[in-house]
Amino acid sequence: MATDRMFAHVVGVEDLTVIRNLETAYEEETKNCAAYKAYAVRADEEGFPGIASLFRATSRAEQIHAGNHGRVLRHMGGSTMTDVPLPRVDGTLENLKAALVDQRFEVDYLYPAFLVAAVPLFDSTAIRSFHWALEADKSHVRMYSDLISRVQANGSTGWEYAPHDFLVCGLCGFAADTVESENCPACNYFREKFEIVR
Ligand SMILES: [Fe+2]
Ligand SMILES: [Fe+2]
């Protein structure tokens, strides 16, 4: 008769690497979620409610990434216990630059390396979670770098002085102020499932 032991998952080296990487990604996204929430408060205090809306949207997106990684992690027997350090909060332009550095690091190094390590495991859930986070984080890089260059070139973009609606994909965390396509450009999820974050 079949027993639980017969079906017990044998944890190999690749699994452990992917579990550690998921834990790192979970920690990173949880930390970023908290930081962007704090940056939103600072942006409101400094009279930039539109930038506060952008930080709330990206904070929500990072929460979605952490949630996706966390679900895969728990399934693989990893831990989602993490101590989130209090974020360092500067002026809004500095906070935008810090957020851009975080997102570029994730897009250029963290997720590409984690994807390479996850491929031998053939675990589609881990690969999908890293892939969605990578694609969504590219949308954050675009928004942060656009905003920084426009603010630096003109001193203002106009929209940062009024609250602004951003669309965040509830599945992958892709964020934008407008989405033309019928489905999410990053994960193909239904367009009507986007959340509006202001
Ligand atoms: Fe992210
Ligand atoms: Fe998506």
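Summarised in this report is the structure supplied together with it. Just so you know, these numbers come straight off a predicted model, no measurement behind them.

Some words on the environment of Ala25
Then step 1. With respect to the helices and strands, Ala25 occurs in helix H2 (residues 13-45).
Then step 2. Given the relative accessible area of 0%, Ala25 is considered buried.
Then step 3. Along the primary structure Ala25 and Ala113 are separated by 88 residues, whereas in three dimensions their C-alpha atoms are 11 Å apart.
Then step 4. The residues touching Ala25, leaving out its near neighbours within four places in the chain, are His69, Tyr111, Phe114 and Phe130.

Brief notes about the coordination of the iron ion (ligand 2)
Then step 1. Those protein atoms acting as donors to the iron ion (ligand 2) are Cys169 (SG), Cys172 (SG), Cys184 (SG) and Cys187 (SG), and they sit at 2.3 Å.
Then step 2. Because the angles between the 4 donor atoms bound to the iron ion (ligand 2) fall within 104 to 114°, the donor set is best described as tetrahedral.
Then step 3. Coordination of the iron ion (ligand 2) draws on donor residues from a single chain, spaced C-x2-C-x11-C-x2-C in sequence. A residue pair is termed long-range when its members are at least 10 positions apart, and Cys172 in the loop between strand S1 (166-169) and strand S2 (175-176) and Cys184 in the loop between S2 and strand S3 (194-197) qualify at 12 residues.
Then step 4. Judged by relative accessible area, Cys172 falls into the buried class, the value being 0%.

Examining the nonpolar core
Proteins that are soluble and globular tend to have nonpolar side chains buried together.
Then step 1. Counting 46 residues, the largest nonpolar core has Leu22, Leu54, Phe55, Leu96, Phe130 and Tyr144 as its most contacted members.
Then step 2. Going through the elements one at a time, H2, helix H3 (49-76), helix H4 (92-118), helix H5 (124-154) and S1 are the ones with two or more residues in this core.
Then step 3. Residue contributions to this core peak at 11 residues, all from H3.
Then step 4. Dropping the residues within four chain positions of it, Leu22 is found in contact with His69, Val72, Leu73, Met76, Ala126 and Phe130.
Then step 5. By size, the runner-up hydrophobic cluster in this structure holds 12 residues, among which are Cys169, Phe174, Val179 and Ala186.

Some remarks on the coordination of the iron ion (ligand 1)
Then step 1. The coordination sphere of the iron ion (ligand 1) contains the protein donors Glu29 (OE), Glu29 (OE), Glu62 (OE), His65 (ND1), Asp137 (OD) and Asp137 (OD), at a distance range of 2.0 to 2.7 Å.
Then step 2. Viewed at the metal, the 6 donor atoms of the iron ion (ligand 1) are separated by angles of 50 to 157°, and the geometry they form is irregular.

Parameters at a glance
- Residues numbered from 1 in each chain as written.
- Chains lettered and ligands numbered in written order.
- Predicted model: local features only at pLDDT ≥ 70, side-chain atom pairs only at ≥ 80, totals over all residues.
- Heavy atoms only, no water.
- Helix = DSSP H or I, 4+ residues; strand = E, 2+ residues; numbered from the N terminus.
- Buried < 20%, exposed > 50% of the residue type's maximum accessible area, 1.4 Å probe, protein only.
- Contact = heavy atoms within 4.5 Å.
- Donors = N, O, S within 2.8 Å, 3.2 Å for Na, K, Ca; no water.
- Tetrahedral: all angles 85-135°; square planar, octahedral: opposite > 155°, others 65-115°.
- Core = buried A, V, L, I, M, F, W, Y, C linked by side-chain atoms within 4.5 Å.

Without other data, these values stay purely geometric and don't point to any function.
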